[in-house]
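Reading the structure
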Amino acid sequence: MSRRSRGSNVWQVRASALARNTHNLIRSIVDDLKVEPNPEKPFIALSVGDPTTFGNLNPPEQVLQSIRESIDWNKSRSYGPAVGHLDARQAVAEYSAHQGNVAAEDVILCSGCSHAIEMVIAVLADSGQNILVPRPGFMIYKTLAEGLGINLKYYNLLPDQQWKADLDDLESKIDDDTALIVVINPSNPCGSVYNKEHLLEILDIASKNRVPILADEIYEHFVFSGNEFVAISSLSKDVPVLTCSGLTKRFLVPGWRMGWVIIHDRNDILGKDVRKGLINFASRILGPNTLIQRALPSILRNTPQSFFDEVVLFIESQAKLAYSELRRAPGLRPIMPQGAMYMMVEIKMSQFPKFKNELQFVERMVSEQSVFCLPGQCFDCPNFVRIVLTVPEEILLEACRRITVFCKDHIISGEKLKGIDANVVTVANEPKVICGLSRVA
Ligand SMILES: *Cc1c(COP(=O)(O)O)cnc(C)c1O
């Protein structure tokens, strides 16, 4: 049937299949939560993955100055090449030297890291093919792939092994139609940082099965003390790696929309075809923002290391704070992150029988304690919530305390608490708990 129904007397216009099949899972889950915060407690959102939300983290003056200079430079108003200005690509190549040999020609500038991811997916996969993505993992992959008819297959990350990939599961999910393996390191939402050995194990599977890797390294260098960030491309002998990154998280400027793809292809497996494909795809938006591009060499070369160190140190101390607070909350198991800016917290749902799932737990916590965490369902990971560590210290502390009170109010019994932590205040004599017990019995 033609989409334009001229015969009928109503004029109707329908959205395309691509539009109808493009969904933002976080938005749809969050928008469906119909809860009002407790009016007696100020609302705290531990859900927003935007480090600028609370105003406590700011880019350094040099970065802002680079943009001011770019505004005054007339040339920053004109169109640039679709893949970006050569001097900006050169600056990204130098900034990314830890990834292996990178030349300016290997860099394609994009409108944010998510645009970089979209380019790689769209250029490497056809409708009907699949990409392997980590579970739990950042859901932009679902948003970007599904509308294009590209299937998502999930490989599990193991919470008891600091969220390493389940390698057997990963390998078992590969089939003839697998176009890409996505590796998010450091991870959103887990905060895990993979060591060399583990990255080599992943590369080994990719090499044996001849599947290229999309490395989402937007949190590159965002690692806590005692951990080391290693770019997976720097270890690859043969597997083509397309690394996606950008200014967004590390420079605290998500709204500036500046990201890039870096092509690592030592053995020329992707060849001219894929490079040409990426260049073709870049032309769909006539290239990214030139105001930021013109400032990029100065931003990447002149930002002092002390700025990065301070931000990471702050997030690490927030992680320690949230971990030590929530470890004492009955029924919760926080998993200490090694980097990025998030922490996953397991909710032992069997100890909260009045809630059907973590979604209900999260909803009730908003209505009673005015604290909102992202439910694990947003990452296809039920029984967990993700908290954001970039909020100011006193707000994080207050939120953790309220979460602890909430858990004590709703946990099933004092019996089950035994052995969790000697410091936990027993709640066995609270009427609510007795209710919970009788329901289970
Ligand atoms: C934030 C984020 C992105 C998107 O970054 P933008 O530059 O804002 O598009 C991509 N991947 C992960 C894992 C992220 O957390």
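Relevant structure appears above.
Residues numbered from 1 in each chain as written. Predicted model: local features only at pLDDT ≥ 70, side-chain atom pairs only at ≥ 80, totals over all residues. Heavy atoms only, no water.

This part takes up the site of the ligand. Near the ligand you find 13 residues, and of these Cys113, Ser114, Tyr219, Thr248 and Lys249 are the closest. At 2.8 Å, a side-chain N or O of Asn188 approaches an oxygen atom of the ligand. With respect to the ligand, the side chain of Tyr219 contributes an N or O atom lying 2.6 Å from an oxygen atom. Calculation on the ligand without its partners gives an accessible area of 390 Å², and the protein chains cover 93% of this total. Here the shell around the ligand gets 3 residues from one element, more than from any other, and that element is helix α5 (residues 113-124). (Near = heavy atom within 4 Å. Polar contact = N/O pair within 3.5 Å; in protein donor to acceptor, adjacent residues only side chain to side chain. Areas by Shrake-Rupley, 256 points an atom, 1.4 Å probe, with all protein chains shown as cover. Helix = DSSP H or I, 4+ residues; strand = E, 2+ residues; numbered from the N terminus.)

Right, let's get into the sheet that holds strand β10 (residues 332-335). Sheet strands pair via backbone hydrogen bonds, and the direction of the pair is either parallel or antiparallel. On the basis of which strands lie adjacent, the open sheet formed by 4 strands has the order β10-β11-β14-β13 and antiparallel pairing. Two strands close off the open sheet at either side, each with one partner strand: β10 and β13 (374-375). Here 5 bridges tie strand β11 (residues 342-347) to strand β14 (residues 384-388), and the two strands are oriented antiparallel to one another. Following the sheet pairing, Tyr342 is matched in β14 by Val388. (Pairing = 2+ DSSP bridges.)

Another aspect to go through is the side chain of Glu358. Among the structural elements, Glu358 can be located in helix α12 (residues 358-369). It is Lys356 that comes nearest to the buried, bridge-free Glu358 among opposite-charge side chains, at 11 Å. A polar contact of 3.2 Å, which involves the side chain of Glu358, links it to the backbone nitrogen of Gly376. Excluding residues within four positions of it along the chain, Glu358 makes contact with Ile347, Met349, Pro375, Gly376, Gln377, Pro382, Asn383 and Phe384. (Buried < 20%, exposed > 50% of the residue type's maximum accessible area, 1.4 Å probe, protein only. Lys, Arg positive; Asp, Glu negative; His and termini not counted. Salt bridge = Lys/Arg side-chain N within 4 Å of Asp/Glu carboxyl O. Contact = heavy atoms within 4.5 Å.)

The next subject is the sheet that holds strand β3 (residues 130-135). In spatial order, the strands read β2-β9-β8-β7-β6-β3-β4-β5; together these 8 strands make up an open sheet with mixed pairing. Looking at which strands have only one partner, the edges of the open sheet turn out to be β2 (107-110) and β5 (164-165). Both strand β4 (residues 151-158) and β5 contribute to a ladder of 2 bridges, which runs antiparallel. Looking across to β5, one finds that Leu157 is bridged to Ala165. Packed on one face of the sheet, α5 meets β2, β3, β6 (178-184), β7 (213-216), β8 (241-246) and β9 (259-264) and runs near 160 degrees to β8. (Axes fitted to C-alpha atoms, helices over the stretch in contact; angles between N-to-C directions.)

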